[in-house]
Amino acid sequence: HKVGKADLAVLMLSLFLSRHKEYIVAFTGYFSEKARSLYISSALRGAGDKNLEWHIVPRENPASDFPSDFELVHIKQASSSSLLTLEDHPYIKRVTPQRKVFRTLKYIPCKSYSGVSLCRDKNQFSFFFQGWHDFQIVIDCSSCFSGLGHGTFVAGVIASMRECQGFAPDSELHIFRVFTNNQVSYTSWFLDAFNYAILKKIDVLNLSIGGPDFMDHPFVDKVWELTANKVIMVSAIGNDGPLYGTLNNPADQMDVIGVGGIDFEDNIARFSSRGMTTWELPGGYGRVKPDIVTYGSGVRGSGLKEGCRSLSGTSVASPVVAGAVTLLASTVLNRELVNPASMKQALIASARRLPGVNMFEQGHGKLDLIRAYQILNSYRPQASLSPSYIDLTECPYMWPYCSQPIYYGGMPTIVNVTILNGMGVTGRIVDKPIWQPYLPQNGDNIDVAVSYSPVLWPWAGYLAVSISVAKKAASWEGIAQGHVMVTVASPAENDSEVGGELTSTVKLPIKVKIVPTPPRSKRVLWDQYHNLRYPPGYFPRDNLRMKNDPLDWNGDHVHTNFRDMYQHLRSMGYFVEVLGAPLTCFDASQYGTLLMVDSEEEYFPEEITKLRRDIDNGLSLIIFSDWYNTSVMRKVKFYDENTRQWWMPDTGGANVPALNDLISVWGMAFSDGLYEGDFTLADHDMYYASGCSIARFPEDGIVIAKNLKDQGLEVLKQETAVVEGVPILGLYQTPSEGGGRIVLYGDSNCIDDSHRQKDCFWLLDALLQYTSYSMTPPSLSHSHSRVAPPVGAERPLPQRLEGNHLYRYSKVLEAHLGDPKPRPLPACPHLSWAKPQPLNETAPSNLWKHQKLLSVDLDKVALPNMKSYRPQVRPLSPGESGAWDIPGGIMPGRYNQEVGQTIPVFAFLGAMVVLSFFVVQLTKAKSKPKRRKPRIKRPTYLQQQTATAGKNPTV
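The structure reproduced in this document is the subject of the present report. Everything numeric in this text was worked out from a predicted model, so none of it was measured.

## Quick notes on helix H6 (residues 314-331)
Consideration 1: Given a rise of 1.5 Å per residue, 18 residues ought to cover 26 Å, and the 26 Å separating the end C-alpha atoms of H6 matches this to within 8%.
Consideration 2: The buried fraction of H6 amounts to 17 of the 18 residues, a majority that puts the element mostly inside the structure.

Below, the structure written as structure tokens:
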């Protein structure tokens, strides 16, 4: 389900509910309304339930006039057997609950709204606009009038022909409205809009909307189908920045151009969502997103009725790129070369990198329309990579990879590279990728394993590169380099091609810094495997005060919402590694501390046994828990008044019953109390945000208690009470010889970027000194807040919520007739290291340069002669950017950093002469007085093209 973006970037996720009585029945193809009804009737008759009540829900919109690949069915009291019977029909592909979308605007300085924007024949289609006088061609507009004006603005950025001129004013606009004035929509409404776009042969589609649910399968599948039909989709990356791990779907998909926002000073907009993608967690690593950034703060566009206004948000940045894409596509003479992959290749290869900004903030950089034009008009079908190289020494762009060197015995560093295939909608990797280390640059000191998409579809796939240090380099320090060679093949559209296939070979340079293996005391292992988040289940927020953000959806990774904590630990000299597998899959003798934060997952019995053994042998454990109270969980469930269905949390802020199972052998346990409040500890101001307390702790341990408010009582009864002496922190040295230490703290919000009010990084430092070096902090051991450890025998421990559905999303539990049972313990990940093919040659000294797409020489690509045919342009208003007036599209000092090292002296001198000529011309141009030039007819080359084609270019 999707959530619209607010104009000023602070549109908050409200809630995504499943309409359990309505189901989207997806078919294997497109069928008429009559055929769809017959297939569903036939399938449900086979269920054998004569009392089953169902009907097909009418869908009244323009898409209903065409064949469709889905139907919406209302089933009263649907059983699992009836749904399985539906899916057993040979023409039915999948049955999924209908998703309902609520949009709640947290902050709106001016009226705003979001919509689906589709474009065709030179531009996009956007929905909801009223300023008809601003647009030249409007082909379709079904229920366009919303009265809110966001769609008017989006359409104006793309295609306005009046005051606030858009990028492509000759565009044909197809408008389809998918949200009501009450901010409500359903997945099926989007599916109809997307089917409409496909059937109408739309070429560019702008989505100034998005949401965190990348597991809404009908929606995701339909986006793939759109791009497979050569629809270039541009989508806003989200307005949930500056927090990391906040990318929105569908902008986070490989086949979609995800757009972030910047201001007119080229600073990343604070609201713009940051990467990485979280689809791949916990076992893998996220991809680079956004793809590019462009202006999204204070952008001027069409007003609701007339004139111009300024809006901000990635929903504004997205149509800037969509308009640019439309304009670019209309300039390409060979339209067959324009597809979702080739357009994205041109945009990211031409983007201008912003200094001091990492790739999860800016992607490949700022949109550069002129360079994109140059690349696209000399383009030949090929494959390319995003990112195009891996340099673990390049900061800050390659953060977080550059933030920590690699060493022998560490968890492999995983880089998730996207393969873009401009040769065709489908492709494959020929044979296997080849690893070639550079011997002069110590490439044989690293091992590389590669996994990849078996099929590249649509237009893209992944290349996951795992990098580790060879055993012989355990005590070595230095730089190692090599590259991975990948050959991609696609069926040729023209069978006359040799072999019927097109092939393209790409090289992925790799550069890493290796250091000797750090001592055990300096190595911290982060448990990622036991963190769960939305989607797919309802995992509630950790801070119950944050009512406008009900879901825990940021990935709980050290490079997303725990980024500041990670940066702090690195600054303190710790090496942080991530465990994306069960606790049975790491060598505890290599690590000083295992860090478990905000864990929602259950534990395998084998994990519990191994952890106890590891701690007896010297591993230390720090647990940051969160609230868990079944009464509060029932209280924070959501009720859908339309379907009269409840959506119940699958766990609390953390899975306290599972944590208690893990630590019970040491006589420890967390309670189901729920507390909050400000306090002071060791002269540091602290805030306890919806944390739990310690219910049991060994008698010889150290326990710190504070006076806190009973937040559970406030949530349940709206009453306020202060509880004295709430145990919140415990430190314990296990009794076995050489045994490790255990620390419990009842709240993770003080190290979580999501809702942190006061950080407790100082406390984490003190706890790591205790666990790693056995140094008890005097500020804690002699604290006046120290109390006797609680025995907890008088109060029962928290129990799992009866009837919860955690097993549906758990990697540990499986469904069972009674209580859920653990699954069999999965095998630990095993990497197949590539056999090296060493190269006895020197590696390139500078890996960063714009992708040299095959047969593209930008110096030989002439720009259109627009000097004599420049259209009328209004004077810039205060605060507006004159970025489009850069002479010749030249960005000095950005692109060819290796020129002086790589070309002969004579060529260099010749280049300097040419550069001097352009400087002189530029100086002359700037000295001329500026004046408004009259609007005149189109450039000659466009007139000739139009006369030849007999119609406007299709975009």
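## A look at the environment of Phe70
Consideration 1: Position of Phe70 relative to the elements: it lies in strand E4 (residues 68-76).
Consideration 2: Judged by its relative accessible area of 2%, Phe70 falls in the buried class.
Consideration 3: For the pair Phe70 and Ser188, spaced 118 residues apart in the sequence, the C-alpha separation amounts to 8.5 Å.

## Section: the packing of helix H10 (residues 563-571) against helix H15 (residues 761-773)
Consideration 1: Remark: H10 packs on H15, axes separated minimally by 11 Å, with the N-to-C direction vectors making an angle of 50°. The angle between the axes of H10 and H15 places the two elements in the oblique class. Remark: the crossing between H10 and H15 carries right-handed chirality. Two secondary-structure elements touch here, H10 through Asp564, Met565, His568 and Leu569 and H15 through Phe761, Leu764, Asp765 and Leu768.
Consideration 2: Per-class residue counts for the contact of H10 with H15 are 5 nonpolar, 1 polar and 2 charged.

## Topic: the pairing of strand E20 (residues 413-421)
Consideration 1: Of all 9 residues that make up E20, 8 are buried, and the element is covered over most of its length.
Consideration 2: Note that strand E18 (residues 383-386) and E20 share 4 bridges and pair antiparallel. Directly across from Leu385, in E20, lies its bridge partner Ile419.
Consideration 3: The pairing of E20 with strand E24 (residues 460-469) spans 8 bridges and is antiparallel. What sits directly across from Thr413, in E24, is Ile467.

## Quick look at the nonpolar core
Consideration 1: Ile510, Met565, Phe624, Leu729 and Tyr745 are the most contacted members of the largest nonpolar core, which has 81 residues in total.
Consideration 2: Looking at this core, the element that brings in the most residues is H15, giving 7 residues.
Consideration 3: Once residues within four sequence positions are removed from consideration, Phe624 is found in contact with Leu595, Met596, Val597, Asp598, Tyr745, Asp747, Ser748, Cys750, Ile751, Cys760, Leu764 and Leu767.
Consideration 4: Ranked by size, the runner-up nonpolar core spans 48 residues in total, among them Ile232, Val234, Val259 and Tyr373.

## A look at the packing of aromatic side chains
Consideration 1: Counted according to the given criterion, the structure contains 24 aromatic pairs.
Consideration 2: Relative to Trp279, the ring of Phe214 lies with its centre 5.1 Å away and its plane at 20°, an arrangement referred to as stacked. Of the two residues, Phe214 sits in the loop between strand E12 (209-210) and helix H5 (217-228) while Trp279 sits in the loop between strand E14 (257-262) and strand E15 (292-295), which places them 65 residues apart along the sequence.
Consideration 3: Seen in terms of ring centroids, Phe624 and Tyr745 are 5.7 Å apart; in terms of plane orientation they differ by 70°. Their pairing is edge-to-face. Of this pair, Phe624 sits in strand E30 (residues 620-624) while Tyr745 sits in strand E39 (residues 741-745), and the two are 121 residues apart along the sequence. Assigned by exposure class, Phe624 and Tyr745 land together as buried.
Consideration 4: Three or more aromatic residues link up through ring pairs in this structure, and these residues are Phe27, Phe31, Tyr39 and Tyr91.
Consideration 5: The ring of Tyr397 carries Arg353 above its face, with NZ or CZ at 3.6 Å from the centroid.

Here is what the cut-offs are and how they apply
Each chain carries its own residue numbering, running from 1 in the written order of its sequence. Totals for whole chains, interfaces and linings use every residue, but because this is a predicted model, local features are given only for residues with pLDDT of at least 70 and side-chain atom pairs only at 80 or more, for both listing and counting. Excluding hydrogens and water, the side-chain figures rest on all heavy atoms present in the structure. Here a helix means four or more residues in a row that DSSP labels H or I, a strand means two or more in a row labelled E, and each is numbered from the N terminus. Each helix should span, by expectation, one fewer than its residue count multiplied by 1.5 Å. Throughout this description, buried means an accessible area under 20% of the type-specific maximum (1.4 Å probe, protein chains only), exposed means over 50%, and partly exposed covers the range between. The convention used is that axes are lines fitted to C-alpha atoms, helices contributing only their stretch in contact, and that angles between N-to-C directions extend from 0 to 180 degrees. Roughly parallel means an angle under 35 degrees; roughly antiparallel, over 145; roughly perpendicular, 65 to 115; everything else is oblique. Helix crossings get a hand from a simple test, with the near helix turned counterclockwise from the far one by less than a right angle marking a left-handed crossing and a clockwise turn marking a right-handed one. By definition, residues are in contact when any of their heavy atoms lie within 4.5 Å. Classification convention: Asp, Glu, Lys, Arg as charged; Ala, Val, Leu, Ile, Met, Phe, Trp, Tyr, Cys, Pro as nonpolar; all other residues, Gly among them, as polar. Two strands qualify as a pair provided that DSSP identifies no fewer than 2 bridges between them. Only buried Ala, Val, Leu, Ile, Met, Phe, Trp, Tyr and Cys residues count toward a nonpolar core, and they belong to the same one when joined by side-chain atoms within 4.5 Å. Classification of ring pairs rests on two measures: the distance between centres of Phe, Tyr or Trp rings, Trp counted by its six-membered ring, which must be within 6.5 Å, and the angle between planes, read as stacked under 30 degrees, edge-to-face over 60 and tilted in between. Our definition puts a charge over a ring when NZ of Lys or CZ of Arg is within 6 Å of the ring centre and also within 35 degrees of the ring normal.

Shape is all these values report; function is a separate question.
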